[in-house]
Amino acid sequence: MNSVSESPTIEFPSIENKSVFVSFNGGNVSCDAGLLLLKEAEDNIGVIKTLASCIQDKRDQRYVDHSYHAMLTQRVLQIAAGYEDANDCDSLRTDPILKVCTGHLPASNAPLASQPTMTRFENTPSRTELYNIAYAMVDLFQHSYDQEPSCIVIDFDDTEDIVHGHQQLCLFNGYANEYCFMPLHIYEGLSGKLICTLLKPGKRLTGAGVLAILKRLVTHLRKRWPNTKIIFRGDSHFTSPQVMQWIDAQKHLFFVTGLTTNSILLKQAEITVQSAQKLFAEHKQKVVLFHSMYYQAKTWHKAQRVIVKVEISPEHENPNIRFIVTNAVNAKATILYSQVYCARGNAELYIKNHKTYLKSDRTSCHRFIANQFRVFLHSAAYMLIHYLQHTVLRTTEFERATMQTIQLKLFKIGARVKEFHTRIKIELPSAFPLQDIFRSAYRELQLLRC
């Protein structure tokens, strides 16, 4: 099965009187052998399997060559390896590692799905099926915990997804100064686990829109976690009267969000600003002061606790004044601002992995729901790599690495794949520098499955 016909050789300059020849008889090879680890991760947590179960296959099975599960596996693993476009299916459909990962024999089975087949598949799911996938992703997030956690942080953040065509619901965004989508990323802030990613039209969500999503999410989480303390965290454009009023009426639910500066808040913070200026004038060193106060805007149902941070440094002698609002009345102001609110900056790193390194902004389908499905595919790749990184790679050099680093150093491994009558042999380079990490990761994945 591995016989190869002779091909013409190419002669290069000799080295120390030894001839150098190049031929194309190297056999069935791949440069993405590290995806075998990701396939083991999928076998453990079943992200792709869960997504596939949400899509009803209405095709006549007599004429089906590629199951939805196989196409999902092919597409998600391609995204994880850095092949974000459906066009890549044409050049990778005979890749032996991808075929092994999708349960196909590397040489004797037919090629995987082509680009036209994959594109038709991306346009298959209905709105109801996408809705079910969103809930399934929340279920996967909850199943990643062995028991009900005492506390989680729900980070809401959006990012522009610039478009270059005439996709449905792409709108001009004045802040981004481009036509775009505005996908909403929802992460658990303490662990970096992805909860869900929702594609939205190219404008910021209103308070009512944020509340609608938050209500559905919290209600679903409460079915399994009735006693978990949930902290809703976001920047100032997620601060709305509707959200604060609803959260105040819930049990074990808190919010810590940014608050836009206004003249009334600045007046209430005058004493803190004056104290910071006095300390800086005396010591000429960086000064950071926090103060807690109460403030009620006209549209708020009640006065809320506001924390002001005043910072003056030799580099910036004009006071830097920031505000956050919260219903956590007993926590220290310093801890709420420095450790709770400022930690939301990690969400930017999670989005960077999702958008920049996994290329989730490849939303080039015309139909909006097809683009939402594409975002879910990239989210599945994120969940698999995150699981791999924070379980079996947590004590290695990849513990804090970006997903791009994992792609380049651990997934991009050359391999020769040989198929025999009774076995498949995958040969990795003897000089591969991360052999110990690869072996250890595989063994631990096997133990976790048991």
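See the structure above.
Keep in mind the model is a prediction, meaning the values are calculated, not measured. (Residues numbered from 1 in each chain as written. Predicted model: local features only at pLDDT ≥ 70, side-chain atom pairs only at ≥ 80, totals over all residues. Heavy atoms only, no water.)

### Details of unusual backbone geometry
Phase 1 of the analysis: Even without a glycine there, the phi angle at N177 is positive, about 60°.
Phase 2 of the analysis: Positionally, N177 belongs in the loop between β6 (171–173) and β7 (178–181).
Phase 3 of the analysis: For N177, a relative accessible area of 53% gives the class exposed.
Phase 4 of the analysis: Not every positive phi belongs to a glycine, and K284 is a case in point at roughly 55°. (Helix = DSSP H or I, 4+ residues; strand = E, 2+ residues; numbered from the N terminus. Buried < 20%, exposed > 50% of the residue type's maximum accessible area, 1.4 Å probe, protein only.)

### A closer look at the side chain of H104
Phase 1 of the analysis: Tracing the chain through its elements places H104 in the loop between α5 (96–101) and α6 (115–122).
Phase 2 of the analysis: The class for H104 is buried, based on a relative accessible area of 19%.
Phase 3 of the analysis: Of the polar contacts made by the side chain of H104, one reaches the side chain of T102; its length is 3.0 Å.
Phase 4 of the analysis: Ignoring anything within four residues of it in the chain, the contact list for H104 reads A70, K99, N109, A110 and L112. (Polar contact = N/O pair within 3.5 Å; in protein donor to acceptor, adjacent residues only side chain to side chain. Contact = heavy atoms within 4.5 Å.)

### Notes on the sheet that holds strand β16 (residues 424–427)
Phase 1 of the analysis: Reading across from one edge, β3-β15-β16 is the order of the three strands in this open sheet, with antiparallel pairing throughout. Here the strands that pair on one side only, and so sit at the sheet edges, are β3 (29–30) and β16.
Phase 2 of the analysis: Alignment of strand β15 (residues 415–419) against β16, held across four bridges, turns out to be antiparallel. Within β16, the residue paired with E419 across the bridge is I424. (Pairing = 2+ DSSP bridges.)

### Regarding the sheet that holds strand β11 (residues 253–259)
Two modes of strand pairing occur in sheets, parallel and antiparallel, and in both the strands are linked by backbone hydrogen bonds.
Phase 1 of the analysis: Sheet architecture is open: eight strands sit in the order β9-β8-β4-β10-β11-β14-β13-β12, paired in mixed fashion. Looking at which strands have only one partner, the edges of the open sheet turn out to be β9 (194–198) and β12 (287–295). Shown here is a sheet whose adjacent strand axes are inclined to one another by a mean of 20°, direction ignored.
Phase 2 of the analysis: Sheet topology places strand β8 (residues 184–188) next to β9; four bridges connect them, and they run antiparallel. (Axes fitted to C-alpha atoms, helices over the stretch in contact; angles between N-to-C directions.)

### Points about the pairing of strand β4 (residues 151–158)
Phase 1 of the analysis: Counting buried residues along β4, seven of its eight residues qualify, which places the element largely inside the surrounding structure.
Phase 2 of the analysis: Sheet analysis places β4 next to strand β10 (residues 229–234), joined by five bridges and oriented parallel. Bridge pairing in β10 links I154 to F232.
Phase 3 of the analysis: Bridge analysis of β4 against β8 gives five bridges, and the strand direction is antiparallel. Within β8, the residue paired with F156 across the bridge is I186.

### Re a nonpolar patch on the surface
Phase 1 of the analysis: Taken together, the side chains of I10, F12, V22 and F24 define a hydrophobic patch exposed on the protein surface, amounting to about 380 Å² of accessible area.
Phase 2 of the analysis: With respect to the helices, strands and loops of the structure, F12 is situated in strand β1 (residues 10–15). (Patch = residues over 30% accessible without salt bridge, like charges linked within 9 Å, V, L, I, M, F, W, Y side chains within 5 Å. Areas by Shrake-Rupley, 256 points an atom, 1.4 Å probe, with all protein chains shown as cover. Salt bridge = Lys/Arg side-chain N within 4 Å of Asp/Glu carboxyl O.)

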